[in-house]
Amino acid sequence: MSDSSPARSAAPVLDVWCELQCPDCHSALDDLRALRARYGDRLEVRLRHFPLEKHKHAFAAAQAAEEAVAQGRGWPYAEAVLDRVAELDRAGEPLLVEVARELGLDSEEFDTALIDGRHILIVDADQAEGKAIGVTGTPTYVIGGERLDGGKSQEGLRERIEEIADRLLAEQRD
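Residues numbered from 1 in each chain as written. Predicted model: local features only at pLDDT ≥ 70, side-chain atom pairs only at ≥ 80, totals over all residues. Heavy atoms only, no water.

**Q** Help me out: how do you make sense of the overall build of the chain in this one?
**A** The helix and strand tally for the chain stands at ten helices and four strands. The N-to-C order of helical and strand elements in the chain reads α-β-α-α-β-α-α-α-α-α-α-β-β-α. Here the C-alpha radius of gyration of the chain, 16 Å, is about what a compact globule of 174 residues would show, namely 16 Å. Counting only C-alpha atoms and orienting by the principal axes, one finds that the chain spans roughly 50 × 40 × 25 Å. Out of the 174 residues in the chain, the part that is buried amounts to 49%. Summed over all atoms, the accessible surface of the chain reaches about 8,900 Å², with 49% contributed by carbon and sulfur. Side-chain charges of the chain comprise 21 positive and 35 negative groups, with the mean position of each set lying 3 Å from the other. (Helix = DSSP H or I, 4+ residues; strand = E, 2+ residues; numbered from the N terminus. Rg over C-alpha atoms; globule rule 2.2 N^0.38 Å. Buried < 20%, exposed > 50% of the residue type's maximum accessible area, 1.4 Å probe, protein only. Areas by Shrake-Rupley, 256 points an atom, 1.4 Å probe, with all protein chains shown as cover. Lys, Arg positive; Asp, Glu negative; His and termini not counted. Charge placed at Lys NZ, Arg CZ, Asp CG, Glu CD.)

Listed below in C-alpha cells is the structure:
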C-alpha cells in the first residue's frame, strides 16, 4: 500500500475561523501550534477567514493570507501576522507586505494581489459559510460537526478539540 492511501487523504478537518487582526486569535496561536505539532498530517487544520468589520485591516489581511497560501506558506504567514496584531492595527497594509518580504515570499506579488483583489472571492466565500453555520466571532473552531467558540475564552478548547480529533481518528481505524 502506498503513502497516498485513501485513509491518509481522509484526515479529520479542523476549520479555524480566524481574523488576522484579532487579539483573541493571537491568543489561540499556542493552541494551534500545539495541535499541529501533536497531529501533524493526521489532522488537516484549515485557516478559514472571518474578517470582522471592527478591524479595518482584517479583510486585506485575509486576502494577503490567501496569497501566502498560493505561495506555499499560509500558516507561517498567518502566524507571523498574528504575532504582530497590534502593529497591524497601526501600520495597516504595508505591514502585510513587509511580513511577506521577511518570510522570503514574493512581496511584490502580495502588493499586486491586494490591489487586484484576486483572493476576494475566497475570503467572501469563507465569511458567508461562517455566517451560515453560526460563526459570530473569532476564533471559532469546527471539527466533527461541532462548533467551538473561542472568542470569549480559550479555556479547555484545545482539550475538547483533541478529544474530538482522537475520536475521529479512532473511528477511521475501526
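Still more ground to cover, so stick around.
**Q** When you look at the side chain of Glu19 in this model, what are you seeing that I'm missing?
**A** Along the polypeptide, Glu19 turns up in the loop between strand 1 (13–18) and helix 2 (23–27). Lys54 provides the closest opposite charge to the buried, salt-bridge-free Glu19, at an N-O distance of 7.0 Å. Within the structure, the side chain of Glu19 is placed 3.0 Å from the backbone nitrogen of Leu52, a separation counted as a polar contact. Of the polar contacts made by the side chain of Glu19, one reaches the side chain of His55; its length is 2.8 Å. (Salt bridge = Lys/Arg side-chain N within 4 Å of Asp/Glu carboxyl O. Polar contact = N/O pair within 3.5 Å; in protein donor to acceptor, adjacent residues only side chain to side chain.)

**Q** Sorry, what's going on with the pairing of strand 3 (residues 140–143) here?
**A** Remember that side chains alternate between the two faces of the sheet whenever the strand is regular. In strand 3, alternate side chains face the same way, and those of Thr140 and Val142 on one face and Tyr141 and Ile143 on the other are all buried. Relative to strand 3, strand 1 is paired through four bridges, and the arrangement is antiparallel. Across the sheet, residue Val16 finds its bridge partner in strand 3, namely Tyr141. Pairing of strand 3 with strand 4 (residues 146–149) involves four bridges; the strand directions are antiparallel. Bridge pairing in strand 4 places Ile143 opposite Glu146. (Pairing = 2+ DSSP bridges.)

**Q** How should the packing of helix 4 (residues 58–70) against helix 8 (residues 107–116) be read in this particular structure?
**A** Packed helix pairs are specified by the crossing angle of their axes together with the interaxial distance, meaning the distance between the axes. Packing of helix 4 against helix 8 leaves a shortest axis separation of 9 Å and a crossing angle of 130°. The orientation of helix 4 with respect to helix 8, classified from their angle, is oblique. Considering how the two elements wind past one another, helix 4 and helix 8 form a crossing that is right-handed. Side by side, helix 4 and helix 8 meet where Ala60, Gln63, Ala64, Glu67 and Ala68 of the first sit next to Glu109, Phe110, Ala113 and Leu114 of the second. (Axes fitted to C-alpha atoms, helices over the stretch in contact; angles between N-to-C directions. Parallel < 35°, antiparallel > 145°, perpendicular 65-115°, else oblique. Left-handed = near helix turned anticlockwise from the far one by under 90°. Contact = heavy atoms within 4.5 Å.)

**Q** So what exactly am I meant to see when it comes to the pattern of salt bridges here?
**A** When charged atoms on two side chains of opposite charge get close, those side chains can pair. Tallied over the full model, the rule gives 21 salt bridges. The residue Asp15 makes a salt bridge to Arg48 at a minimum N-O spacing of 3.3 Å. In this pair, Asp15 sits in strand 1 while Arg48 sits in strand 2 (residues 44–49), placing the two residues 33 residues apart along the sequence. Arg48 carries the same exposure label as Asp15, and that label is buried. Note that Arg38 and Asp166 form a salt bridge whose closest N and O atoms lie 2.9 Å from each other. Here Asp166 lies in helix 10 (residues 157–173) and Arg38 lies in helix 3 (residues 29–39), a separation of 128 residues in the sequence. Among the residues examined, Asp166 registers a relative accessible area of 33% and is labelled partly exposed.

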